[in-house]
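Survey of secondary and tertiary structure
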Amino acid sequence: MASIKEIEKKLAKQFEKIDDIAFFNQKKVLDAFAECKITTQCFAGTTGYGYDDQGRDKLAMLFSHVFKTEKAIVSPLITCGSHAISIVLYGLLRPNDTILSISGQLYDTLYDTLFGKDNGSLENFGIKFKQIELKNDNFDKELILKAIKKYKPKVIFVQRSRGYTSRKALSIKQMQEIFAEIKMVKNPPFIVVDNCYGEFVEEKEPTEVGADVIVGSLIKNPGGGLAPTGGYIAGTKKAIDMISTRFTSPSLLLEVGSYELGYRMFYQGLFLAPHTVAQALKGAMLVGGVMEEKGYKIIPSNDEQPDDIIKSVVFTNEDELVKFVQLVQKISPIDSFIVPMPWDMPGYNDKVIMAAGTFVSGASIELSCDSPIKKPYIAYFQGGLTYEHVKIMAEHLNKLY
Ligand SMILES: *Cc1c(COP(=O)(O)O)cnc(C)c1O
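Description of the structure in this document. Just so we're clear, the structure is a prediction, and the values are computed from it rather than from any experiment.

Counted according to the given criterion, the structure contains 3 cavities of 30 Å³ or more. Space inside the largest cavity adds up to approximately 40 Å³. What lines the largest cavity is simply L281, A284, M285, P306, D308, I309, I310 and K311.

Pairing between side chains of opposite charge can happen when their charged atoms approach one another. For the structure on display, the rule yields 17 salt bridges. Note that K168 is salt-bridged to E304, the shortest N-O span being 2.5 Å. Remark: E304 occurs in the loop between β8 (297-299) and β9 (311-315) and K168 occurs in the loop between β4 (155-159) and α7 (172-183); sequence separation between them is 136 residues. Given the relative accessible area of 27%, K168 is considered partly exposed. Under the relative-accessibility criterion, E304 is labelled partly exposed at 27%. In this structure, K237 and D241 form a salt bridge, with 2.6 Å as the shortest nitrogen-oxygen distance. Within this pair, K237 and its partner D241 are both found in helix α8 (residues 237-247), separated by 4 residues, close to a single helical turn. The exposure class of K237 is partly exposed, given its relative accessible area of 46%. Look at D241 and you get partly exposed, because its relative accessible area is 25%. Several salt bridges share partner residues, and in doing so they unite K71, K237 and D241 into one network.

With that settled, the discussion passes to the pairing of strand β7 (residues 231-235). Note on strand geometry: in a regular strand, side chains alternate between the two faces of the sheet. Across the 5 residues that make up β7, a large majority, 5, are buried. Judged by which residues are buried, β7 turns out to be covered on both faces: G231, I233 and G235 on one side and Y232 and A234 on the other are all buried. Across 5 bridges, the pairing between strand β1 (residues 71-75) and β7 is antiparallel. Its bridge partner being in β7, K71 is matched across the sheet by G235. In the sheet, strand β6 (residues 213-217) pairs with β7 via 5 bridges, with the strands oriented antiparallel. Looking across to β7, one finds that I214 is bridged to A234.

Take the sheet that holds strand β5 (residues 190-194) next. Hydrogen bonding along the main chain pairs the strands of a sheet, whether they run parallel or antiparallel. Strand order in the open sheet made by the 7 strands is β1-β7-β6-β5-β4-β2-β3, with mixed pairing throughout. Looking at the sheet topology across the chains shown, the edges are occupied by β1 and β3 (128-131). For this sheet, the mean inter-axis angle between neighbouring strands, taken without regard to orientation, is 15°. Relative to strand β2 (residues 98-101), helix α6 (residues 141-151) is tilted by about 175°, and along the sheet it contacts β2, β3 and β4.

We now examine helix α2 (residues 12-35). Given 3.6 residues per turn, any residue in an α-helix points the same way as the ones three and four places further on. Its 24 residues place the ends of α2 35 Å apart at the C-alpha level, agreeing with the 34 Å of an ideal helix rising 1.5 Å per residue. Among all positions in α2, only Q14, F15, I18, I21, A22, N25, K28, V29, A32 and F33 are buried. Contacts from the buried residues of α2 go to α1 (4-10), α3 (54-66), α9 (264-293) and α11 (387-400). K37 sits one or two residues past α2 and shows a positive phi near 50°.

The next thing to look at is the packing of aromatic side chains. In the structure shown here, the tally under the stated rule is 22 aromatic pairs. Ring centres of F63 and Y232 lie 5.6 Å apart, and the angle between their planes is 35°; this geometry places the pair in the tilted category. Pair noted here: F63 is in helix α3 and Y232 is in strand β7, with a separation of 169 residues, a long-range link. The exposure class of Y232 is buried, given its relative accessible area of 0%. An angle of 40° between the planes, with centres 5.1 Å apart, marks the rings of F67 and Y232 as tilted.

Moving on, we come to unusual backbone geometry. Of note, the amide linkage connecting I299 to P300 takes the cis form, showing an omega dihedral of -5°. Within the element layout of this structure, P300 appears in the loop between β8 and β9. K375 connects to P376 through a cis peptide bond whose omega is -15°. Within the element layout of this structure, P376 appears in the loop between β11 (368-372) and β12 (377-382). Here the phi dihedral of K152 falls at roughly 45°; this positive angle occurs in a residue that is not glycine. Take K152: it is sitting in the loop between α6 and β4. On the basis of relative accessible area, K152 is assigned to the exposed category, the value being 65%.

The next point concerns the layout of surface pockets. Here the largest pocket is characterised by a volume of approximately 600 Å³. What lines the largest pocket is a set of 34 residues, among which Y107, K220, Y348, G362 and S364 lie closest to the centre. Secondary structure elements with two or more residues in the lining of the largest pocket: α4 (81-92), β10 (352-355), β11 and β12. Residue classes in the lining of the largest pocket are distributed as 17 nonpolar, 14 polar and 3 charged. The residue makeup of the lining of the largest pocket includes at least three contributed by each of domain 1 (4-23 + 274-400) and domain 2 (27-269).

On to the environment of K173, then. Considering the arrangement of structural elements, one finds K173 in helix α7. The exposed category is assigned to K173, whose relative accessible area is 57%. Separated by 150 residues in the primary sequence, K173 and F23 have C-alpha atoms spaced 20 Å apart.

Analysis parameters
- Residues numbered from 1 in each chain as written.
- Predicted model: local features only at pLDDT ≥ 70, side-chain atom pairs only at ≥ 80, totals over all residues.
- Heavy atoms only, no water.
- 1 Å grid on protein atoms, 1.4 Å probe; cavity = no way out; pocket = protein on both sides within 12 Å on 5 of 7 lines; lining within 4 Å.
- Points joined across faces, edges and corners; volume = space filled by probe spheres on them.
- Salt bridge = Lys/Arg side-chain N within 4 Å of Asp/Glu carboxyl O.
- Helix = DSSP H or I, 4+ residues; strand = E, 2+ residues; numbered from the N terminus.
- Buried < 20%, exposed > 50% of the residue type's maximum accessible area, 1.4 Å probe, protein only.
- Pairing = 2+ DSSP bridges.
- Axes fitted to C-alpha atoms, helices over the stretch in contact; angles between N-to-C directions.
- Contact = heavy atoms within 4.5 Å.
- Expected span 1.5 Å × (residues − 1).
- Phe/Tyr/Trp six-rings, centres within 6.5 Å; stacked < 30°, edge-to-face > 60°.
- Nonpolar A, V, L, I, M, F, W, Y, C, P; charged D, E, K, R; others polar.
- Domains from an automatic or database assignment.

Here it is in structure tokens:
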């Protein structure tokens, strides 16, 4: 059995690379704070309509500077990532339009938004959906360009992270290549990237390589573990203006929206996010390293540069998988005495087991793990506010398997 110290030594090079990226992104975020002239007055809460809510407006401006976009919507009134993605799609698409996913199926919790019967789904509104599978974990350029010619989609959709699939996340380089091709089409479609779990993992974000819109959750990477709720949507002025009509209403756009508790946690969370993401990335590599030593397959392998904060661990049976998820809960600061079990959850098709003994309920930038109970038995492990916390997990794992 290799000791944790030995595994850490083997990962020294990868850790250094992660630290370099965090350093680069910390500067990027710090520069944005200066450019936007953030002051403590931005933290103040507002009530009611929230007209002239400076904290809200400056926070949106800050995100658009960090993500190099013209405009952004950042709000605690966006309830989660799936909600943020729905707002984007309803904002950009009209009856008879087509959305073309070029990274295979969308995240499980979007199924009813796309295809639900008589529930106000996109399909109900006459919006068509086409999907192209990835080929060897990359975009299938030929099929994509053909499909764009044939269907003339209004929106091209990319899911950067892996979701509940056994693929790897998509890299910025892969996106850059395909986006350049898509942009050459006459009247190019909006390129929308579900950026969940991808923020600050690389030096660039998808909007820096051609995406029109990126969208994500504030209880994941960009909330830095401090944001208590919310979501963000950042992109071109044209796209964000259309999306604003759905975020509030066509008559209200971005003029309204209050939050009485104030915005400090959102600002401070964004400031911490590059570091927090690095902690999570290193933790995931260490846990992956332990499991690899024990003979389990991990995705991506530790030789590869990560493109999201998840480490998939592939088990051979349900019991081993459940044991892993239960350990995550057991070593969590909150609800450590609760034993999670596989359960039916809204929005998911299979039974799911989840561990999230987190300060912010369900926050998966904190140490957490979830897994649908189906073959191949994959635990999706992510987060950790401090590397040291994840290291404790690794120590336990070393004894457990
Ligand atoms: C988390 C996530 C979402 C949104 O999930 P919520 O639980 O609604 O915040 C969407 N896509 C991906 C890839 C995700 O990881």
